[in-house]
Structure formats: C-alpha cells, structure tokens
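Overview (structure and organization)
For reference, the chains in residue letters:
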Amino acid sequence: LRKSDSYCWMKTKLGGLGPRPNGQLISRNMECDTSKLDLSCARDNKDFWGLISIIFASTSLQECARSCRMAEDCQSLTLRKSDNYCWLKKKKGGQTGPSPNGAL
C-alpha cells in the first residue's frame, strides 16, 4: 500500500521479491509468522556462501531473520556484523554449506 495515495499492489508470491526498506510503503504477507524468533542456532563467524535471493542493509540480526521468515524462498541468511548487511539465501547453508569468515 502506498501511503500517499492508498494505491495497493496485489502480489502473487509470498513476500514478493522479498522485503526491502521503503518509507513510503506498507507491506504484509497474508499469512505471517509472528512467533518469537529463536536465534540460538545462529552460526557466528560462518558464511553461508551463494544462492542469494535478496541483499539489503538491516538494523540487526533480528530484522534480517524476520525478513527471511517473510520471504517465500528464504532458507538461510548471512549477516555482516560490521554494518548489519543482510543476505537472504535460497538454500539452507547457502550453496556449499557454512565456511569460516570472521567478518560475519
């Protein structure tokens, strides 16, 4: 929904192309998971390389994980700790599984 004129786009895919920041819009999946995020299985200093579907600057691991939860094809994510840049991935563990990376 565009706030300025209430223009509404109907989507055919859960999450559209994935969540992206836009202060002019309001978006919602009709089936959305609002349960508490469990981040206990996050793998520190690991990169789930490849198979990227969406890249964006998030504010935290929680926001990155919520975005993955709302994107239809997101199976895993990688967050760069220095600037909270978030990569949503199409496969658990990325393309080749976790690889060491101290920046992540």
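Residues numbered from 1 in each chain as written. Predicted model: local features only at pLDDT ≥ 70, side-chain atom pairs only at ≥ 80, totals over all residues. Heavy atoms only, no water.

Things to note about the overall build of the protein chain
The secondary structure content of the protein chain amounts to 1 helix and 5 strands. Across the protein chain, helices and strands are ordered from the amino to the carboxyl terminus as β-β-α-β-β-β. Counting all 104 residues of the protein chain, 25% fall into the buried class. Residue pairs in contact within the protein chain that sit at least 24 positions apart in sequence constitute 60% of those at least 6 positions apart. (Helix = DSSP H or I, 4+ residues; strand = E, 2+ residues; numbered from the N terminus. Buried < 20%, exposed > 50% of the residue type's maximum accessible area, 1.4 Å probe, protein only. Contact = heavy atoms within 4.5 Å.)

Some words on the nonpolar core
A general feature of soluble globular proteins is that nonpolar side chains tend to end up buried together. Counting 9 residues, the largest nonpolar core consists of Ile-54, Phe-56, Cys-64, Cys-68, Ala-71, Cys-74, Leu-79, Cys-86 and Leu-88. When contributions to this core are tallied by element, the ones reaching two or more residues are β2 (52–57), α1 (61–70) and β4 (85–89). The contacts of Leu-88, once residues within four sequence positions are left out, are Leu-51, Ile-52, Ser-53, Ile-54, Phe-56, Cys-64, Ser-67, Cys-68, Ala-71, Cys-74, Ser-76 and Leu-77. (Core = buried A, V, L, I, M, F, W, Y, C linked by side-chain atoms within 4.5 Å.)

Some thoughts on the pairing of strand β3 (residues 76–80)
Note on strand geometry: in a regular strand, side chains alternate between the two faces of the sheet. Inspection of the sheet shows β3 paired to β4 by 5 bridges, in the antiparallel sense. Directly across from Arg-80, in β4, lies its bridge partner Tyr-85. Hairpin connection of β3 to β4: 4 residues between the antiparallel strands, including Asn-84 at a positive phi of 60°. (Pairing = 2+ DSSP bridges.)

Observations concerning the pattern of salt bridges
Taken as a whole and assessed by the stated rule, the structure comprises 3 salt bridges. Residues Lys-81 and Asp-44 are paired through a salt bridge, measuring 3.0 Å at the closest nitrogen-oxygen approach. In this pair, Lys-81 is assigned in the loop between β3 and β4 and Asp-44 in the segment before β1 (46–48), connecting sequence segments 37 residues apart. We note a salt bridge from Asp-83 to Arg-80, for which the minimum N-O separation is 2.9 Å. Accessibility expressed as a relative area gives 36% for Asp-83, which makes it partly exposed. Exposure remark for Arg-80: the relative accessible area of 28% places this residue in the partly exposed category. (Salt bridge = Lys/Arg side-chain N within 4 Å of Asp/Glu carboxyl O.)

So, the environment of Ala-71
By secondary structure assignment, the location of Ala-71 is in the loop between α1 and β3. Relative accessible area serves as the criterion here: at 5%, Ala-71 is assigned to the buried category. Remark: the alpha-carbon pair of Ala-71 and Lys-89, spanning 18 residues in sequence, is separated by 9.9 Å.

Quick notes on the packing of aromatic side chains
What describes a pair of aromatic rings is the distance from one ring centre to the other and the angle between the planes of the rings. Applying the stated rule across the entire model yields 1 aromatic pair. Centre to centre, the rings of Tyr-85 and Trp-87 are 5.6 Å apart; their planes meet at 65°, and the pair counts as edge-to-face. (Phe/Tyr/Trp six-rings, centres within 6.5 Å; stacked < 30°, edge-to-face > 60°.)

Remarks on the state of the cysteines
Under the criterion given, the structure shown has 2 disulfides. With its sulfur 1.9 Å from that of its partner, Cys-64 forms a disulfide with Cys-86. Here Cys-64 and Cys-86 share a disulfide; its torsion about the S-S bond, 70°, makes the bridge right-handed. Here Cys-64, found in helix α1, pairs with Cys-86, found in strand β4; they are 22 residues apart in sequence, far enough to count as distant. Judged on exposure class, the residue Cys-64 and its partner Cys-86 are both buried. Cys-68 shares a disulfide with Cys-74; S-S distance 2.0 Å. One quick way to see it: the torsion about the S-S bond of Cys-68 and Cys-74 is about -95°, and its sign makes the bridge left-handed. For Cys-74, a relative accessible area of 9% corresponds to the buried category. The cystine pairing of the protein chain, numbering bonded cysteines in sequence order, is 1-4, 2-3. (Disulfide = S-S within 2.5 Å.)

Such coordinate-based values are descriptive only and should not be taken to indicate function.
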